[in-house]
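Overview (structure and organization)
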2 protein chains.
Amino acid sequence: MEKKNVNIVIDTIGGDNGAPVIVKGAVKGIEENSNVTVYLTGHEDELNKLLSEYTYDKNRIKVVNATEEITCHDGPVEAVKKKKDSSLVVGLNLVKDGTADAFISAGSSGAVLAGGQFIVGRAKGVKRTPLAPLIPTSKSPSLLIDCGANVDARPEVLVQFAKMGSIYMQNVVGIKKPTVAIVNIGTEEEKGNALVKETYPLLKACKDINFIGSIESREIPFGKADVILTEAFVGNVILKLYEGLSKMILTEMKGAMMSSFKSKIGALLIKKNLKKTMSAFSASNKGGAPLLGLKGLVVKIHGNSKEGEVISAIKQCNNFVLNDVSGKIISGLVKEEEKSEE
Amino acid sequence: MEKKNVNIVIDTIGGDNGAPVIVKGAVKGIEENSNVTVYLTGHEDELNKLLSEYTYDKNRIKVVNATEEITCHDGPVEAVKKKKDSSLVVGLNLVKDGTADAFISAGSSGAVLAGGQFIVGRAKGVKRTPLAPLIPTSKSPSLLIDCGANVDARPEVLVQFAKMGSIYMQNVVGIKKPTVAIVNIGTEEEKGNALVKETYPLLKACKDINFIGSIESREIPFGKADVILTEAFVGNVILKLYEGLSKMILTEMKGAMMSSFKSKIGALLIKKNLKKTMSAFSASNKGGAPLLGLKGLVVKIHGNSKEGEVISAIKQCNNFVLNDVSGKIISGLVKEEEKSEE
């Protein structure tokens, strides 16, 4: 059976490693995903020059010129409104006008979030659009939803997030009946802040998800649930603490290993095994963080992404589109709404 | 100059390691702190038997019989009200009636929090009593305030916490002008949820603290501030994620080191240096988490505490009382209230 053609835009400006890693990732990405066409937005001359170094199917990588840059120093909403010729806005417009199905960027998170909402727009029935990265655990990665801009969200919004997250884990990551847990400060049902207490019974009553109750943050690293549901402020705190604490511990351990001749020899002997374990923590093989609930797919990859992350994100977008996750999210939410109107 | 006599109660029931480690810690604790008298609450016979194995100044360790036990399966508030003869309630009553200045327990956190508030009671001018553990960083430990039961706290409560935390770090830990930062999802002043946005200008205007702005959670492990201010729900998430993620990473690394003969040899060579580094993460030399703002001091030590933690907590309580931190907290808060009434 021939696969549907999937069109993916990649923003080549704004990542820490510049256009070269994006171009390299795009070339490899279309090699590995034979049904994908990539649009690269950014400085035309630079991109054509970089592409000229590769052999690839010229019909499947297209350059779209964009001259402005959005940096993390720009106010996200303002930048998206004013910098019409930025690689981000030009790229998102290609999703809006239907040329492309998905958009990938390593640029400013704020601008990606704002642009996704203002340019691509929320899908019908979606209250808010959550940013949902996969985080490493000692088992398989969990989806942390929401880490976006929806601070102080209401319970009914969190319930939608739980559904979107479940649909994503099922259709993109391939987990059959993904478990959903809400981040809480205890595991008893009566525990929590006002938001959790209000949301808990709604989740329990929701038949579309496999809700397993509360999760304390100390259990998150051990992969106790596939979908970790929380309001964006807390999600952000979890995501960034994960990053910072891992980095700190690894740095300290490295320091300890390098502090004597004997331990340096020891470090050499364990290097290979340690590297294998640590690569499990790397995001490169998991794609980026999708912004869910939009009319198209928008994926934020880490600022310091290299070609590996770009390739994974292409595959992730391809799975998302081929499995019609957007359609499933919309029908899942609409179904629920109709039920509640009955 | 002779030091003031300080009386400290220690609950010997409820910790994972039972009364033996508490008794051992108490004996060492009075050796190291010549002005301290310890009251041990728990099963009289058992305690006397354990004590008979040591040589110590018999006037400075006193046993107070208490037969009931509060476990983490009891509802905290109910347990504190009903189990009048529990080691926890008997101990807290010794603080309430002025026999003791401070109380230490390795028992149920919930019961310690509830008992502190209901039995010892809030000091004048204190709106809420925060639980404030020290957390390890790559520099010196930071005070994470609040990790207690005050979820959904109001901005003026957080401002009090910031002051209490500063006074604690200055007088108990010995940091001259402790820096205070509020946990946020960005470092710009306009970022945050409703609570942070409301609290930020109040902290900025507060002259009693050294407020340095927002801190993103990824910076917490690098010791960017002495006092990490946050609402209890988020504080709880940070504290428990710290615990869980450290454990997971260390377990995975250990697994990697033990996975081949070569790496096992390597692990042996780095063991000593690694252990030194990792002990910096241990809580045993930092005392327990104080519940601040009460009429006496209540300190919660980790459930799996050993004698080291008990000794540190005794020292911590002694510093707290000798430096009159309670008095300083009350006068600090009252001063502010008078100002705002002007």
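Residues numbered from 1 in each chain as written. Chains lettered and ligands numbered in written order. Predicted model: local features only at pLDDT ≥ 70, side-chain atom pairs only at ≥ 80, totals over all residues. Heavy atoms only, no water.

**A closer look at the overall build of chain A**
Rule in force here: Strands are runs of DSSP state E lasting at least two residues, helices are runs of H or I lasting at least four, and both sets are numbered from the N terminus onward. Two things to know: the radius of gyration comes from C-alpha atoms, and the globule rule equals 2.2 Å times the number of residues to the power 0.38. Burial classes: relative accessible area under 20% of the type maximum marks a residue as buried, over 50% as exposed, and values in between as partly exposed (1.4 Å probe, protein chains only). Whether two residues touch is decided by their heavy atoms; if any such pair falls within 4.5 Å, the residues are in contact. Residue burial considers only the protein chains on display, and all accessible areas are found by Shrake-Rupley using a 1.4 Å probe.
The helix and strand inventory of chain A stands at eleven helices and eleven strands. Scaling as 2.2 N^0.38, a compact globule of 342 residues should have a C-alpha radius of gyration of about 20 Å, and chain A matches this with 21 Å. On the principal axes, the C-alpha backbone points of chain A span a range of 65 × 60 × 45 Å. For chain A, buried positions account for 56% of its 342 residues. The contacts of chain A with a sequence gap of at least 6 include a subset with a gap of at least 24, amounting to 72%. Of the accessible surface of chain A, which amounts to about 14800 Å², a share of 51% is contributed by carbon and sulfur atoms.

**Focus on the relation of the copies chain A and chain B**
This is how the line gets drawn: Each copy is superposed on the other by least squares, with the fit set by C-alpha atoms of residues at a pLDDT of at least 70 in both.
Least-squares fitting of chain A to chain B yields an RMSD of 0.1 Å, with the superposition described by an axial translation of 0.0 Å and a rotation of 180 degrees. Here the two chains are linked by the operation of a two-fold rotation axis. Residues of chain A ranked by C-alpha distance from the rotation axis are headed by Gly266 of chain A, positioned 1.9 Å from it. A shared binding surface is used by both copies, with 100% of the interface residues of chain A retained as interface residues in chain B.

**Digging into the sheet that holds strand β9 (residues 227-229) of chain B**
In a beta sheet, neighbouring strands pair by backbone hydrogen bonds and run either parallel or antiparallel. Residues and elements named next belong to chain B. This is how the line gets drawn: When DSSP finds at least two bridges between two strands, those strands are taken to pair. As a rule, the C-alpha atoms of each element are fitted with a line to give its axis, helices using only the stretch in contact, and angles between N-to-C directions run from 0 to 180 degrees.
Judged by pairing direction, the sheet is mixed, and its five strands sit side by side in the order β5-β6-β9-β7-β8 without closing on themselves. The two strands at the open ends of the sheet, each matched to only one other strand, are β5 (134-135) and β8 (210-215). Alignment of β5 against strand β6 (residues 142-145), held across two bridges, turns out to be antiparallel. Following the sheet pairing, Leu134 is matched in β6 by Leu143. Across the sheet, helix α6 (residues 155-173) lies against β5, β6, β7 (179-183) and β9, angled at about 165 degrees from β9, the strand it touches most.

**Regarding the confidence of the model for chain A**
The criterion, for reference: pLDDT measures the predictor's confidence residue by residue and takes values from 0 up to 100.
Residue-level pLDDT values for chain A average 91, and 95% of them are 70 or greater. Summarising per-element confidence for chain A, the mean pLDDT is lowest in helix α11 (residues 325-341) of chain A (74) and highest in strand β9 (residues 227-229) of chain A (98).

**Examining the sheet that holds strand β4 (residues 102-105) of chain A**
All names here are of chain A. As summarised here, the arrangement of the six strands in space is β3-β2-β1-β4-β11-β10, forming an open sheet in which the pairing is mixed. The sheet is open, and its two edges are formed by β3 (61-65) and β10 (289-291), each paired on a single side. Strand-to-strand twist of the sheet, defined as the mean angle between neighbouring strand axes without regard to direction, takes the value 25 degrees. For β10 and strand β11 (residues 297-300), the ladder comprises three bridges, and the chain directions are antiparallel.

**Quick notes on helix α7 (residues 194-205) of chain A**
For an α-helix, 3.6 residues make a turn, and residues three or four places apart therefore share a direction. As a reminder, the rule being used: Directions from the helix axis toward the C-beta atoms define the arc.
Every buried residue of α7 of chain A is accounted for by Leu195, Val196, Thr199, Tyr200 and Leu203 of chain A. Angularly, the buried residues of α7 of chain A cover 125 degrees about the axis, an arc narrow enough to put them on a single face. Among the exposed residues of α7 of chain A, those pointing more than 90 degrees away from its buried face are Lys204 and Ala205 of chain A. Contact partners of the buried residues in α7 of chain A: α6 (155-173), β7 (179-184), β8 (210-216) and β9 of chain A together with α8 (232-257) of chain B.

**A look at the packing of α6 of chain A against α7 of chain A**
Residues and elements named next belong to chain A. In plain terms, the rule: Each angle receives one of four descriptions, namely roughly parallel if under 35 degrees, roughly antiparallel if over 145, roughly perpendicular if within 65 to 115, and oblique otherwise. In a left-handed crossing the near helix is turned counterclockwise from the far helix by less than a right angle, and in a right-handed crossing that turn is clockwise. All residues other than Ala, Val, Leu, Ile, Met, Phe, Trp, Tyr, Cys, Pro, Asp, Glu, Lys and Arg, Gly among them, are scored as polar; the first ten of these are nonpolar and the last four charged.
For the pair α6 and α7, the least separation of the axes is 9 Å and the interaxial angle reads 50 degrees. Between α6 and α7, the interaxial angle falls into the category oblique. As for how α6 packs across α7, the hand of that crossing is right-handed. For the pair α6 and α7, contact is made by Pro155, Glu156, Leu158, Val159 and Ala162 and by Leu195, Glu198, Thr199, Leu202 and Leu203, respectively. Here the contact of α6 with α7 is built from residues that sort into seven nonpolar, one polar and two charged.

**A short note on the interface of chain A and chain B**
Basically, it comes down to this: Accessible area that two parts lose when put together, evaluated with a 1.4 Å probe and summed over both, is termed the buried area. A side-chain nitrogen of Lys or Arg and a carboxyl oxygen of Asp or Glu constitute a salt bridge if their distance falls within 4 Å. Within 3.5 Å is the distance limit for a polar contact, defined as a pair of N or O atoms, with the added protein rule that one can donate a hydrogen and the other accept it, and that residues adjacent in sequence qualify only through two side-chain atoms.
Contacts between chain A and chain B engage 51 residues on the former and 51 residues on the latter. Buried area between chain A and chain B, summed over both chains or domains, comes out near 4900 Å², and the portion from carbon and sulfur atoms is 76%. Between chain A and chain B we count four salt bridges in total. Applying the counting rule to chain A against chain B returns twelve residue pairs in polar contact (both at pLDDT 80 or more). Mapped by element, the contributors of at least two residues to the side of chain A that touches chain B are β7, α7, α8 (232-257) and α9 (261-279) of chain A. Looking at the side of chain A that touches chain B element by element, the count peaks at 20 residues for α8 of chain A.

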